[in-house]
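# Chains, contacts and geometry: an overview
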Amino acid sequence: MDSAKFSLNINSLTSKNLDQAKSFAVHKLTEPILDTAYYNFSHLAYEESPFASGSFMLKENSDTVVYMALDEALATDMFNKLKSEDPVFNDIFSFRDYFPGFALKGNPDEETTINVPTGTDTGIKLYYRNDEEDTVSSTYTIYTSQSRHFNGVISDRTGTPTEVVVENGTAYDVGSLVGSKSLLGFVVKLDMQPLSGFLDTLENVVFNQATLELGPVENFPDGKLPPQNLIAYFTDESNKILTREEDGALYSIQSNIAVQVVTDEDGNPLPAVSTSGTNYWLFNSEKFIYQPSTPLTSYVDALYRTDVMRTDLLLYPRTPNSNSSPPYSNDFVRSLREYIVNQNSIKLKIYYSKMQ
């Protein structure tokens, strides 16, 4: 054996003080990852001492692979088992009994999160030569493609406005400041009853334009940009995203040039669904506000002129068309990005004309 490394594929990062090195440590699990559902508040036990660690200078738009030296005892044991054709390398089940997996940790003081996709570039690499005259090393890779994995987040909200949040799927009043926190499942819910009540007071009007803006976003440090996109999904008292019955498609506000309402076979109005026609809110990095990609004029007009259901809205941080698996473009499940706005800065503006 020449050497042994743990390689880490860093796809992107959220951080500040990028003129300082960022540290990461890899710990061996002491219990297996089961074939079951894990959540961001789940936890698996791991050894206190890491078997690999390192510090690296990273750039804002990092897309790189870094390497850490593997613990010598672990590397030697793995290599000897590999040389002797030990049964632990016979199949994935035997290997999991020997090496259940690993936990990757950052340094909390450095306030840095990284997106690490599984694959051939994340895992253990053993470099070896067949004899002393062999001048080029060969590589045996224990990679993480198709590996079970999840993001585990420890969140202590004691003494903060969000300490009242204790149950999933429940709406809470957290005060004048509201926002979203990725990986913790925090999203903003908009009570749209004032809009519904306002529309019921109008007669013979034409809507010229409608828009909904959020912000300015509260101060955030360089390198920690808020989520770049929000999608306004329909919800109700269940606080779940409402879906189309026949195929589970997610209901959301559609683009201003897209159809807003369709009818079922009985003629009942239903919200339209079109992945390509989804309206979304884009973060304006100059004004520090979220603005819709297209006006909400058609949406407001549909609520006014049809009997389509009127709902509240969940502002979900998500890039349009990020339904692929794994959702690499979905910041809400791969980062700790956040935004905070004052409730009074969330404004729906409607311009209309009265008909004679």
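Keep in mind the model is a prediction, meaning the values are calculated, not measured.

### Considering the sheet that holds strand β6 (residues 102-106)
- With respect to topology, three strands assemble into an open sheet ordered β4-β3-β6, the strand pairing being antiparallel. Where the open sheet ends on each side, the last strands, each with one partner, are β4 (52-56) and β6. Pairwise comparison of adjacent strand axes, ignoring direction, gives a mean angle of 15 degrees for this sheet.
- Pairing analysis gives five bridges linking strand β3 (residues 22-28) to β4, with the strands arranged antiparallel. Bridge pairing in β4 links Lys22 to Phe56.

### Let's talk about helix α1 (residues 72-83)
- Taking 1.5 Å as the rise per residue, α1 with 12 residues should run 16 Å; its terminal C-alpha atoms sit 16 Å apart, in good agreement.
- Where α1 is concerned, the buried positions are Leu74, Ala75, Met78, Phe79 and Lys81. Angular distribution of buried residues about the axis of α1 spans 160 degrees; they occupy a single face of the element. In α1, those exposed residues whose orientation departs by more than 90 degrees from the buried face are Glu72, Ala73 and Lys83.
- Looking at the buried residues of α1, the elements they touch are β1 (3-10), α2 (92-98), β8 (123-128) and β9 (138-143).

### Some points on the environment of Arg337
- With respect to the element layout, Arg337 can be found in the loop between β18 (312-317) and β19 (338-342).
- Put simply, Arg337 and Lys347 are 10 residues apart on the chain and 23 Å apart in space, counted from C-alpha to C-alpha.
- Among all residues touching Arg337, those that are not within four sequence positions of it are Thr14, Ser180, Lys181, Ser182, Leu225, Pro226, Pro227, Gln228 and Asp331.

### Here we look at the nonpolar core
- In this structure, Trp281 and Tyr339 are the most contacted members of the largest nonpolar core, which totals 34 residues.
- Not counting residues up to four positions away in its chain, the partners in contact with Tyr339 are Val178, Gly179, Ser180, Val188, Leu214, Val217, Pro226, Pro227, Leu230, Tyr290 and Leu315.
- Judged by nonpolar contacts, the second largest core, of 25 residues, contains Leu58, Val66, Phe95 and Phe99.

### Some words on the sheet that holds β1
- Within the open sheet, the four strands sit side by side as β5-β1-β8-β9. Their pairing is antiparallel. The sheet is open, and its two borders are formed by β5 (64-69) and β9, each paired with just one other strand. The mean angle between the axes of side-by-side strands here comes to 30 degrees, regardless of whether they run parallel or antiparallel.
- Against the sheet, α1 engages β1, β8 and β9, with an angle of about 70 degrees to β8.

Rules of the game
- Throughout, residues of each chain are indexed from 1 in the direction in which the sequence is written.
- Thresholds applied to this predicted model are a pLDDT of at least 70 for local features of residues and 80 or more for the giving and counting of side-chain atom pairs; totals over whole chains, interfaces and linings are not thresholded and use all residues.
- In computing side-chain values, all of the structure's heavy atoms are included and hydrogens and water are not.
- Two strands qualify as a pair provided DSSP detects at least 2 bridges between them.
- Only DSSP runs of H or I with at least four residues qualify as helices, and only runs of E with at least two residues qualify as strands; both kinds are numbered from the N terminus onward.
- Every axis in this analysis is a line fitted to C-alpha atoms, fitted for helices over the stretch in contact. Angles between the N-to-C directions lie between 0 and 180 degrees.
- Each helix should span, by expectation, one fewer than its residue count multiplied by 1.5 Å.
- Three labels apply to residues, based on accessible area from a 1.4 Å probe with only protein chains included: buried if under 20% of the type maximum, exposed if over 50%, partly exposed otherwise in between.
- The directions considered for the arc are those from the helix axis to the C-beta atoms.
- Pairs of residues are marked as contacts when any of their non-hydrogen atoms sit within 4.5 Å.
- We define a nonpolar core as any set of buried Ala, Val, Leu, Ile, Met, Phe, Trp, Tyr and Cys residues linked to one another through side-chain atoms lying within 4.5 Å.

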